Amino acid sequence: EPQLQNADVVFAFSTGRLRDGSLGPGDFLIAQTAEDLYRRYGLPIIAQEEIAMAASHLEFAGVARDPGGGWKSSQSWNTAAITDYAAAVCRKHEWRTAVICAIPAHQPRCIWVAERREFVALSARMPSSGYYHPDHGMRSLRGGELRFRLRELAVRLLFLKQGDI
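Residues numbered from 1 in each chain as written. Predicted model: local features only at pLDDT ≥ 70, side-chain atom pairs only at ≥ 80, totals over all residues. Heavy atoms only, no water.

## Notes on the environment of Leu-153
So, step 1. Among the structural elements, Leu-153 can be located in helix H6 (residues 145–162).
So, step 2. Given a relative accessible area of 51%, Leu-153 falls into the exposed group.
So, step 3. Remark: the alpha-carbon pair of Leu-153 and His-106, spanning 47 residues in sequence, is separated by 9.6 Å. (Helix = DSSP H or I, 4+ residues; strand = E, 2+ residues; numbered from the N terminus. Buried < 20%, exposed > 50% of the residue type's maximum accessible area, 1.4 Å probe, protein only.)

Below, the structure written as structure tokens:
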């Protein structure tokens, strides 16, 4: 973790909400990791809306909200769009090194997307479990880690085809 002390900012990506619109357990884990980095290294946080909701007591350098008002991943509201929002905030401050907080199976794609946008992207040490919930709004997070990893593989191929990684 010595590299983290030289970072400029934290990007915190949500796991998405439960079917009833409430926050999933993964969002609280990700928010806690982002807050730990903020407290330990003084790093500002740019968070997806659900992370900001899970850590509402913190100030954020930016909060990425779905412009369509929804909260589910889509072709227009996904890791690339959220990273583009974060990049716009970072340009104002000349931040180039980001620590990525995300569910472990999603973290590599978040890093690749940030690197594609010319960030030095570092991986935060994330808890290894506790992200999945049977009432999650995303079927792949309802089905556990294997189901999510299968979805993640397909999305990585899509992002590669689109030039996002």
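## Points about a nonpolar patch on the surface
So, step 1. On the surface, Leu-153, Leu-157 and Leu-160 cluster together into a nonpolar patch covering about 320 Å² of accessible area.
So, step 2. With respect to the secondary-structure elements, Leu-157 resides in helix H6. (Patch = residues over 30% accessible without salt bridge, like charges linked within 9 Å, V, L, I, M, F, W, Y side chains within 5 Å. Areas by Shrake-Rupley, 256 points an atom, 1.4 Å probe, with all protein chains shown as cover. Salt bridge = Lys/Arg side-chain N within 4 Å of Asp/Glu carboxyl O.)

## Topic: the sheet that holds strand E1 (residues 9–12)
So, step 1. Strand order in the open sheet formed by 5 strands is E3-E2-E1-E4-E5, with parallel pairing between adjacent strands. If you trace the sheet from one side to the other, it starts and ends with strand E3 (62–64) and strand E5 (120–123), each paired once. Strand-to-strand twist across the sheet, computed as the mean angle between neighbouring axes with direction ignored, equals 25 degrees.
So, step 2. Across the sheet, helix H1 (residues 25–41) is in contact with E1, strand E2 (45–48) and strand E4 (97–101); its angle to E4 comes to roughly 145 degrees. (Pairing = 2+ DSSP bridges. Axes fitted to C-alpha atoms, helices over the stretch in contact; angles between N-to-C directions. Contact = heavy atoms within 4.5 Å.)

## Observations regarding the packing of aromatic side chains
So, step 1. Taken as a whole and judged by the stated rule, the model has 1 aromatic pair.
So, step 2. When the centroid spacing of 5.3 Å and the interplanar angle of 75 degrees are considered together, the rings of Phe-11 and Phe-119 count as edge-to-face. Here Phe-11, found in strand E1, pairs with Phe-119, found in the loop between helix H4 (107–116) and E5; they are 108 residues apart in sequence, far enough to count as distant. The residues Phe-11 and Phe-119 share a single accessibility class, namely buried.
So, step 3. Lying across the ring of Phe-119, Arg-96 places its NZ or CZ 4.4 Å from the centre.
So, step 4. One residue, Arg-109, lies across the ring of Phe-159, its end atom 4.7 Å from the ring centre. (Phe/Tyr/Trp six-rings, centres within 6.5 Å; stacked < 30°, edge-to-face > 60°. Lys NZ or Arg CZ within 6 Å of the ring centre and 35° of its normal.)

## A look at the nonpolar core
So, step 1. Ranked by internal contacts, the top residues of the largest apolar core, which has 25 residues, are Val-10, Ala-12, Ile-30, Leu-37, Ile-45, Val-99 and Cys-101.
So, step 2. Of all the elements in the fold, those that place two or more residues in this core are E1, H1, E2, helix H2 (49–54) and E4.
So, step 3. With 4 residues, the top contributor of residues to this core is H1.
So, step 4. In contact with Val-10, not counting residues within four places along its chain, are Ala-34, Leu-37, Leu-43, Pro-44, Ile-45, Ile-46, Val-99 and Cys-101.
So, step 5. Ile-46, Trp-77, Val-89 and Ala-121 belong to the second largest nonpolar core, which has 20 residues in total. (Core = buried A, V, L, I, M, F, W, Y, C linked by side-chain atoms within 4.5 Å.)

## Let's talk about the side chain of Asp-27
So, step 1. Within the secondary structure, Asp-27 sits in helix H1.
So, step 2. Buried and unpaired, Asp-27 has Arg-17 as its nearest opposite-charge partner, separated by 6.5 Å.
So, step 3. A distance of 2.8 Å separates a polar atom in the side chain of Asp-27 from the backbone nitrogen of Thr-15.
So, step 4. Excluding residues that lie within four positions of it along the chain, Asp-27 makes contacts with Ser-14, Thr-15, Gly-16, Glu-50, Ile-51 and Ala-54. (Lys, Arg positive; Asp, Glu negative; His and termini not counted. Polar contact = N/O pair within 3.5 Å; in protein donor to acceptor, adjacent residues only side chain to side chain.)

## Details of the packing of helix H3 (residues 79–93) against H4
So, step 1. Their axes nearest at 10 Å, the elements H3 and H4 cross at an angle of 50 degrees. As far as their axial angle goes, H4 and H3 are oblique. Between H3 and H4 the crossing geometry is right-handed. Residues Thr-79, Ala-80 and Thr-83 of H3 pack against Arg-109, Cys-110, Val-113 and Ala-114 of H4.
So, step 2. A per-class count over the contact of H3 with H4 returns 4 nonpolar, 2 polar and 1 charged. (Parallel < 35°, antiparallel > 145°, perpendicular 65-115°, else oblique. Left-handed = near helix turned anticlockwise from the far one by under 90°. Nonpolar A, V, L, I, M, F, W, Y, C, P; charged D, E, K, R; others polar.)

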